[in-house]
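Residues per chain are reported as follows:
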Amino acid sequence: MKAKEIQDLIDFISNSGLAEVKIETEEFKLSIKKYSEAPTVKFEAAPAAPAPVAHAAPVAIPAAAVPAAAPAKEDTSRLIEIKSPMIGTFYRTSNPDADPFVSVGDSVSAGQTVCIIEAMKLFNEIESEVSGKIVKVLVDNATPVEYDQPLFLVDPAG
């Protein structure tokens, strides 16, 4: 893998919203972490194939990607998270002209569709596993999500 290809991969990952990527082939191992104290890029040549180790420039983390400070403490101990069951792109609506499946203040029941996650050109309806009231939408529409990432906060008493 050439230094230019590694840099292109780093640029792609920094714009994708992924926090960590590991790629391993017979020829090399590549590990990129985006949200650590300092951006880390580790590239190792496999022992069987001696290849030059390329050093890529650190990934610049855009200010918008840095987690914001938590707002004033709320009593979130009773709230339940609806989490992403897969990696993909989060959509609140079935199409751009439609209303969101759920909004803050809406009541949901177990089995009700709350969003869609697109993964590899397949649109997967994500259903709530709990009944309650939507307190907060944690993800912006049309943004990448990771496996087990919280999408919504639900108050089961609502």
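Going by the structure above, here's the rest.
Given the structure is predicted, the values throughout are model-derived calculations rather than measurements.

**Notes on the layout of surface pockets**
The gaps left among the atoms become clear once a water-sized probe is rolled over them.
No. 1: A volume near 180 Å³ is recorded for the second largest pocket.
No. 2: Lining the second largest pocket are 11 residues, and of these Ile87, Gly88, Thr89, Glu118 and Ala119 sit closest to its centre.
No. 3: Across the lining of the second largest pocket, the residue classes tally to 6 nonpolar, 3 polar and 2 charged.

**Focus: the side chain of Ser84**
No. 1: Structurally, Ser84 is set in the loop between β4 (80-83) and β5 (88-91).
No. 2: Classification of Ser84 by relative accessible area gives buried; the value is 1%.
No. 3: In this structure, Ser84 is in contact with Ile117, Val145, Glu146, Tyr147, Asp148, Gln149 and Leu151, ignoring residues within four places of it in sequence.

**Observations regarding the pattern of salt bridges**
No. 1: Under the criterion given, the structure shown has 2 salt bridges.
No. 2: With a closest N to O distance of 3.4 Å, Arg78 and Asp155 form a salt bridge. Taken as a pair, Arg78 in the loop between β3 (40-45) and β4 and Asp155 in strand β11 (residues 150-155) lie far apart in primary sequence, 77 residues in all.

**A word on the sheet that holds β4**
No. 1: A sheet is described by the order of its strands in space; here 4 strands give the open sequence β4-β11-β9-β6, paired in antiparallel fashion. Edge positions in the open sheet fall to β4 and β6 (107-108), since each of these has one partner strand only.

**Remarks on the pairing of β5**
No. 1: Where β5 meets strand β10 (residues 143-145), 3 bridges bridge the pair, whose relative direction is antiparallel. Paired with Thr89 across the strands is Pro144, a residue of β10.
No. 2: Bridge count for β5 against strand β7 (residues 113-119) is 3 bridges, and the pairing is antiparallel. By the bridge assignment, Thr89 is partnered in β7 with Glu118.

**Considering the nonpolar core**
No. 1: Phe90, Val114, Cys115, Ile134, Leu151 and Phe152 are the most contacted members of the largest nonpolar core, which has 16 residues in total.
No. 2: Of all the secondary-structure elements, those providing two or more residues to this core are β7, β9 (132-137) and β11.
No. 3: If we skip the residues at most four places from it in the chain, Val114 touches Ile82, Phe101, Val102, Val108, Ile126, Glu127, Ser128 and Phe152.
No. 4: Residues Leu9, Ile10, Leu30 and Ile32 belong to the second largest nonpolar core, which totals 7 residues.

**Quick look at the environment of Leu79**
No. 1: Its place among the elements puts Leu79 in the loop between β3 and β4.
No. 2: Along the chain, Leu79 and Pro156 lie 77 residues apart, while their C-alpha atoms are 6.9 Å from each other.
No. 3: Setting aside chain neighbours within four positions, we find Leu79 in contact with Val135, Leu153, Val154 and Asp155.

**Let's talk about unusual backbone geometry**
No. 1: At Lys121, a residue that is not glycine, the phi angle is positive and equals roughly 65°.
No. 2: A relative accessible area of 70% places Lys121 in the exposed class.
No. 3: One non-glycine residue, Ala142, lies in the positive phi region at around 65°.
No. 4: Given a relative accessible area of 44%, Ala142 falls into the partly exposed group.

Conventions adopted
- Residues numbered from 1 in each chain as written.
- Predicted model: local features only at pLDDT ≥ 70, side-chain atom pairs only at ≥ 80, totals over all residues.
- Heavy atoms only, no water.
- 1 Å grid on protein atoms, 1.4 Å probe; cavity = no way out; pocket = protein on both sides within 12 Å on 5 of 7 lines; lining within 4 Å.
- Points joined across faces, edges and corners; volume = space filled by probe spheres on them.
- Nonpolar A, V, L, I, M, F, W, Y, C, P; charged D, E, K, R; others polar.
- Helix = DSSP H or I, 4+ residues; strand = E, 2+ residues; numbered from the N terminus.
- Buried < 20%, exposed > 50% of the residue type's maximum accessible area, 1.4 Å probe, protein only.
- Contact = heavy atoms within 4.5 Å.
- Salt bridge = Lys/Arg side-chain N within 4 Å of Asp/Glu carboxyl O.
- Pairing = 2+ DSSP bridges.
- Core = buried A, V, L, I, M, F, W, Y, C linked by side-chain atoms within 4.5 Å.

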